[in-house]
Amino acid sequence: MMRMKVMLVLYLMILPLALAQLKLGFYRSTCPPAESIVEAVVRKRFDTDKSITAALLRMHFHDCFVRGCDASILIDSTGQNQSEKVAAPNLTVRGYDLIDQAKNALESVCPSKVSCADVITLATRDSVFLSGGPFYDVPTGRRDGRISNPDEVNLPGPSLPVSQAFQSFSDRGMTMDDMVILLGAHTVGVAHCSFFSYRISGSGDPTMDPALLAKLRGVCGAANDPTAFLDQGTAFAVDNEFFRQIRLRRGLMEIDQELANDRLSRGLVSRFAANATLFRTRFAEAMVKLGNIQVLVGNAGEIRKNCRAFNPN
């Protein structure tokens, strides 16, 4: 009898842990239209602003690499507390208004059911698909965090060597293959000249294609820190063109070009450049893996009413 009681207690302790996991269709019973509501908001924005894909990919990455995928990046600073938004790497993150729109639409139909963390994940997935990338199912059920601290924002910078950048990914359970394919998200988006100006000054970086070097000097000669496309081929499409470009020495950011040069990563770059199907498959898998980093589930965290503020205690 005692043994049966112990087993029952263990079962009751383990059961919430087993149930409190991400799963496909998490909102099927609590908010059936959740994913279609988010998709509609993203599609409407994408129709007028193709650059939203790059914005959401960047937001998702910056969120998940700090405290996990808990929407801590969405919190606004207050007079008492500064949030992740004011950290230097996040000053140019955008797309917050789209998340607000999606969350407001969800709250009008399913109040306090869908987390802001899941909104970011779903919106990013939908934007990737609209940009020609793969559609991938993402498990949902994330909860929103209650901490947002700018001092905790420590992201791999664009001038790091491959080995050091990989350490940041490895610390979060990711492989070199994951890192290379996720940096392939630079197939969309832009970079401000200030992020790579040292590569085009003086005699220029010898690892950069001379024609690109000359082009960027022209672009970056203007005032107010202009931008240039990260992918010199198909700047608004999620495809494997980025990998072909960096093999031609046409990467803007130092870390991008080093992927094609470093012995640790160049084989992967060649594989993704040569095989569009492999790129799509691995990109989808790595995005799902990214979205699972240190998630809050079950009763941890909260479901925010407003993505920009913690719920009142």
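Below is a summary of the structure that appears in this document. As the structure is a prediction and not an experimental result, all values here were calculated from the model.

Our focus in this paragraph is the overall build of the protein chain. Helix and strand counts for the protein chain stand at 13 helices and 2 strands. Radius of gyration (C-alpha) of the protein chain: 21 Å, near the 20 Å computed for a compact globule of 313 residues. Taken along the three principal axes of its C-alpha coordinates, the protein chain extends 80 × 45 × 35 Å. Relative to its full complement of 313 residues, the protein chain shows a buried share of 50%.

Moving on to the packing of aromatic side chains. Across all of its chains, the model carries 10 aromatic pairs by this definition. Aromatic pair F26 and Y27: ring centres 5.1 Å apart, planes at 85°, arrangement edge-to-face. Under the relative-accessibility criterion, F26 is labelled partly exposed at 30%. Owing to a relative accessible area of 3%, Y27 belongs among the buried residues under this scheme. Counting every residue linked through ring pairs, the aromatic cluster contains F242, F243, F272, F279 and F283.

Moving on: the side chain of Q232. Within the element layout of this structure, Q232 appears in the loop between β2 (227–229) and α10 (241–247). Residue Q232 is classed as buried on the basis of its relative accessible area of 16%. Of the polar contacts made by the side chain of Q232, one reaches the backbone oxygen of F229; its length is 2.6 Å. Ignoring sequence-local partners within four residues, the contact set of Q232 consists of L212, K215, Q245, R250 and L252.

What follows concerns the pattern of salt bridges. All chains considered together, the criterion is met by 21 salt bridges. Between R282 and E285 there is a salt bridge whose closest N-O contact spans 2.9 Å. Highlighted residues: R282 and E285, both in helix α13 (residues 276–290), separated by 3 residues, approximately one helical turn. Its relative accessible area of 43% is what places E285 among the partly exposed residues. Bridged by salt links that share partners, the residues D177, D178, R282, E285 and K289 form one connected network.

For soluble globular proteins, the rule of thumb is that nonpolar side chains tend to be buried together. Counting residues in hydrophobic clusters, the biggest one holds 87 residues, and the most contacted among them are L74, I99, F196, F243, F283 and L290. Sequence-distant contacts of I99, defined by excluding residues within four places in its chain, comprise L56, M59, L74, V119, I120, A123 and C307.

With respect to the helices, strands and loops of the structure, Q257 is situated in helix α11 (residues 254–261). Polar side-chain contacts of Q257 include one of 2.8 Å to the backbone oxygen of I246. For Q257, the side chain forms a polar contact with the main-chain nitrogen of G251, separated by 2.9 Å. Every residue in contact with Q257, bar those within four places of it in the chain, is listed here: R199, T207, I246, R249, R250 and G251.

Procedures and definitions
Residues numbered from 1 in each chain as written. Predicted model: local features only at pLDDT ≥ 70, side-chain atom pairs only at ≥ 80, totals over all residues. Heavy atoms only, no water. Helix = DSSP H or I, 4+ residues; strand = E, 2+ residues; numbered from the N terminus. Rg over C-alpha atoms; globule rule 2.2 N^0.38 Å. Buried < 20%, exposed > 50% of the residue type's maximum accessible area, 1.4 Å probe, protein only. Phe/Tyr/Trp six-rings, centres within 6.5 Å; stacked < 30°, edge-to-face > 60°. Polar contact = N/O pair within 3.5 Å; in protein donor to acceptor, adjacent residues only side chain to side chain. Contact = heavy atoms within 4.5 Å. Salt bridge = Lys/Arg side-chain N within 4 Å of Asp/Glu carboxyl O. Core = buried A, V, L, I, M, F, W, Y, C linked by side-chain atoms within 4.5 Å.

Keep in mind these numbers describe shape, not what the thing actually does.
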